[in-house]
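Topology and contacts: notes
Spelled out from the first residue to the last, the chains are:
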Amino acid sequence: MTRRGALQLVAAVSGVLAVALVVRSLAEGAEAIDVRSHHLTHAVLILGGAAAALALTAANRRPDSLPEKPQWLLPAILGPLGGMVLMVPTFYPYMNAHPTVHALSHLGHISAGFVTAWCGERYRVRIGWTTTLFLEAMAVGAAFGFGVTR
Amino acid sequence: MSDTIETLARPAHREVTSDRTAKRVMWLYIGPGLILVGAMVIAGLGLRMAQGGMHTFQPGLFYSLMTLHGSAMMVGMALCGMGLLWYLFAQEGPLNPTTAVVACALILIGAVLVAISVLVGGFGAAWTFLYPLPFVGTYWPSWATGVFLAGIACVVLGWTIWCLQMLGGVLTRYGGLRGAFAWDLVWSPSKFAKSGQTPPPPQAFAVLVSAVDGLLAGSAGMLVGVALFVRWLDPTLPLDPLWVKNLTYIFGHTLANLTIYMPLAAVYVALPRYTHHRHWHTSAVLAVAWWATLVFVAIAYFHHLYMDFAQPRAVQYIGEAASYLAAFPPAVVTVFGGALLVYRSGFRWTLGSMFLYVGMIGWVVGGIGALLDVTVAFNIYFHNTLWVVAHFHTYLLEGALLFVLGWVFHCLEERSGIVSSRAVRTLIGLGVFGGGAWLLLGWYLAGAQGVPRRYALQPAPGTDISWWASLGGIILVVGLIMCGIEAIRLARRPAHREVPAA
Ligand code: HEM
């Protein structure tokens with residue numbers, strides 16, 4: 001298999017796994033979980049979206065990927081912000097009671113991860129990796145105090 | 001990945017942003033930055049005089065002004081460092097000015113929002129506060145809290161954009177992290193020399209460290225900012241106070257630290273220009289020193305949490321060790337290197353070179369004050385006393401600000417082809433260094449006596465010390481005003497082609 005093919009496979013598998021997680025919560029009905037586990041689940045979804053984007057951009061590296069393309073930077077930063085907004089614990093009880101909205105919000109997490117990584121890489125090569133790293137750190141970090149007390 | 005590295009090595013990417021554009025961007029940052037700093041020096045003097053009983057502020061106004069002073073100083077100093085680094089890196093590789101303008105605009109919008117929240121709303125929780133502040137026990141309306149948090153969010157967004165732009169620039173220019181860190185120079189020096197490659201210049205390390213640690217600080221700021229904003233909208237939301245405190249200090253401490261490391265690049269670039277044919281080269285030692293700085297700046301913040309018994313014990317040790325180790329790379333490599341560079345070099349003393357040189361002294365003195373404070377045996381006495389205010393003012397006011405002023409005067413001297421007279425230099429030196437030292441001494445002495453920080457009315461002997469320390473503050477302000485007048489005088493001179501200091 002070529003490097004490009006392998007990367008496309010990684011992109012597809014991460015995307016499918018992330019979406020499968022969403023479908024699963026829809027199919028089984030969302031079981032009420034504590035806020036910390038909920039945050040961590042979101043971190044996994046975000047990672048799925050970001051991994052798919054990173055593999056896709058690596059597979060389709062454009063020759064013009066070196067110069068800066070400023071139009072992609074703002075979405076690459078608003079992605080993490082959007083991801084964080086979707087992790088507001090105040091919404092969790094409502095989400096737990098409404099599986100469809102819950103599944104949609106999970107799609108939102110995947111999109112936030114995807115947008116962050118994709119737009120970052122489109123802005124300038126390697127920046128998508130950086131924005132992904134920091135978004136992931138924020139998502140995992142949230143599990144230790146955002147709506148959570150000891 | 002290999003094809004990426006090949007493409008990155010293409011020399012086509014050496015083209016740089018035009019000097020004219022780069023200078024414009026630089027002044028776009030440094031101009032408002034210095035205006036903010038200047039206005040806040042006056043506010044700071046008002047605060048110090050109030051603590052000395054020279055006049056009184058209405059209850060609450062002191063804390064609101066202190067909040068404005070702290071936040072705006074941090075933003076102002078950061079803007080100066082960002083503009084300076086942007087300009088210096090634009091000489092190395094292409095940077096898009098639009099990105100820089102957007103980042104600057106966001107930061108300035110943030111500063112305006114903070115000013116509205118403080119001056120109109122009376123917000124007064126200080127620039128870093130500990131949860132449950134700013135929600136419990138407040139004397140300002142709730143909207144002011146929201147506006148303050150929104151303002152800080154804009155600053156964080158602008159800062160993050162700048163960091164990403166600089167990181168992208170460094171990685172592209174030097175062929176990824178390996179090149180940017182000068183990895184091969186350190187681990188296989190002979191192979192590196194044979195390859196004919198050149199390592200990144202010293203100022204590129206300042207860019208790299210500011211961008212990486214800056215992104216860490218920005219993410220922590222964004223996370224805690226969202227959490228506090230949501231808590232403002234939904235008062236039932238629980239937040240873990242220790243978590244909030246950790247994030248607050250990853251953000252606040254790291255940002256404050258970086259405001260010193262950013263203008264340091266001016267020393268690398270401008271100081272050698274005042275010597276006879278000496279240069280500041282990137283050596284393996286310098287590279288390793290900056291690697292260490294990258295790590296230690298990121299984890300030194302733990303020393304702010306010594307008093308938190310719930311904090312894991314291991315990180316307390318890490319915090320103390322990292323704070324000590326953080327002092328070595330700059331002190332040993334940069335300041336010692338700077339002193340050697342100047343020694344017997346036929347150094348030309350001008351306002352620019354004087355500020356750069358004295359800035360290194362201020363940095364070391366403030367650093368020693370900080371090291372004493374992070375020593376647990378001392379911290380028991382100094383924690384949250386005016387000693388803290390003393391050491392951070394030493395390296396911000398008599399270190400980082402002097403680096404910025406040194407750079408500004410270097411640019412003005414270079415452009416106008418003239419330097420200030422000895423009399424002007426002496427007067428400004430007496431005002432800025434003499435008055436500054438006098439002001440700082442007051443904080444050190446009061447801190448050693450255990451006078452607490454952030455008190456409008458201080459317990460004895462705070463008020464007496466504040467009174468005479470304010471006189472030093474007045475002298476400092478006079479020195480800074482003279483400095484401003486001299487800068488305007490040089491700026492109004494027609495441009496000259498020759499470089500006086502080279
Ligand atoms: C580059 C210059 C300066 C910077 C970056 C700076 C920065 C700061 C910061 C960050 C704080 C902490 C605010 C807080 O605790 O929330 C502070 C406090 C303060 N500053 Fe400055 N400052 C500078 C110059 C000055 C000057 C020149 C004066 C006086 C003439 C001054 C007077 C004060 C006072 C009185 C406080 C309150 C100290 C306390 O009692 O806790 N500052 N400053």
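Residues numbered from 1 in each chain as written. Chains lettered and ligands numbered in written order. Predicted model: local features only at pLDDT ≥ 70, side-chain atom pairs only at ≥ 80, totals over all residues. Heavy atoms only, no water.

Overview of helix α2 (residues 19–51) of chain B
One full turn of an α-helix is made of 3.6 residues, so residues set three or four places apart face in the same direction. Note the following rule: Only DSSP runs of H or I reaching four residues or more are called helices, and only runs of E reaching two or more are called strands; each is numbered from the N terminus. Helix span is expected to be 1.5 Å times the residue number reduced by one.
Between its first and last C-alpha, α2(B) extends 46 Å over 33 residues, near the 48 Å set by a 1.5 Å rise per residue. Positive backbone phi, at 75°, marks G53(B), one or two positions downstream of α2(B).

A few points about the site of the ligand
Residues and elements named next belong to chain B. Operational definition: Proximity criterion: a residue is near a molecule or strand once any of its heavy atoms comes within 4 Å of it. Any N or O atom pair separated by 3.5 Å or less is treated as a polar contact, with the protein-specific requirement of one donor-capable and one acceptor-capable atom, and with residues adjacent in sequence counted only for side-chain atom pairs. In this classification, Asp, Glu, Lys and Arg are treated as charged, Ala, Val, Leu, Ile, Met, Phe, Trp, Tyr, Cys and Pro as nonpolar, and every other residue, Gly included, as polar.
Close to the ligand lie 24 residues, the nearest being Q51, H69, H393, R453 and R454. Contact distances for the ligand include 2.8 Å between a nitrogen atom and a side-chain N or O atom of H69. R453 has a polar side-chain atom sitting 2.9 Å from an oxygen atom of the ligand. For the shell around the ligand, the secondary structure elements donating two or more residues are α2, α3 (61–90), α15 (386–416) and α16 (422–448). A per-class count over the shell around the ligand returns 16 nonpolar, 5 polar and 3 charged.

A closer look at the interface of chain A and chain B
Going by this rule: We call two residues in contact when some of their heavy atoms are within 4.5 Å. Two parts placed together each lose some accessible area; with a 1.4 Å probe, that loss summed over both constitutes the buried area. By convention in these notes, a salt bridge is any Lys or Arg side-chain nitrogen within 4 Å of a carboxyl oxygen on Asp or Glu.
Listed as interface residues are 33 residues of chain A and, on the opposing side, 40 residues of chain B. Of the roughly 3200 Å² buried where chain A meets chain B, counting both sides, 70% is carbon and sulfur surface. Our count for the chain A to chain B interface comes out at 0 salt bridges. Summed over the shared surface of chain A and chain B, the number is 8 residue pairs in polar contact (both at pLDDT 80 or more). The set of elements that each furnish at least two residues to the side of chain A that touches chain B consists of α3 (73–85) and α6 (127–142) of chain A. Tallied by class, the residues present in the side of chain A that touches chain B amount to 20 nonpolar, 7 polar and 6 charged.

Re the packing of aromatic side chains
Residue and element names in this part refer to chain B. What counts is decided by this rule: Two rings from Phe, Tyr or Trp (for Trp, the six-membered ring) form a pair when their centres are within 6.5 Å of each other. A pair whose planes differ by under 30 degrees is stacked, one over 60 is edge-to-face, and the rest are tilted. Remark: a charge is flagged as sitting over a ring if the NZ atom of Lys or the CZ atom of Arg is within 6 Å of the ring centre and within 35 degrees of the ring normal.
Applying the stated criterion to the full structure yields 31 aromatic pairs over all chains. For the ring pair Y139 and W140, a centre distance of 4.9 Å and an interplane angle of 85° mean the geometry is edge-to-face. Connected via pairs of aromatic rings, a cluster forms that spans Y261, Y268, W280, W290, W363 and F403. The ring of F135 has R231 sitting right over it, with the charged end atom 4.6 Å from the ring centre.

Looking at the environment of M54(B)
All names here are of chain B. Defined as follows: Burial status follows relative accessibility: with a 1.4 Å probe on protein chains alone, a residue under 20% of its type maximum counts as buried, one over 50% as exposed, and anything between as partly exposed.
Structurally, M54 is set in the loop between α2 and α3. You can call M54 partly exposed: its relative accessible area is 28%. The spatial distance from the C-alpha of M54 to the C-alpha of L34 is 27 Å, given a sequence separation of 20 residues.

What about the side chain of T275(B)?
The topology assignment puts T275(B) in the loop between α10 (241–270) and α11 (284–299). Taking the relative accessible area as the measure of exposure, T275(B) reaches 3% and is therefore buried.

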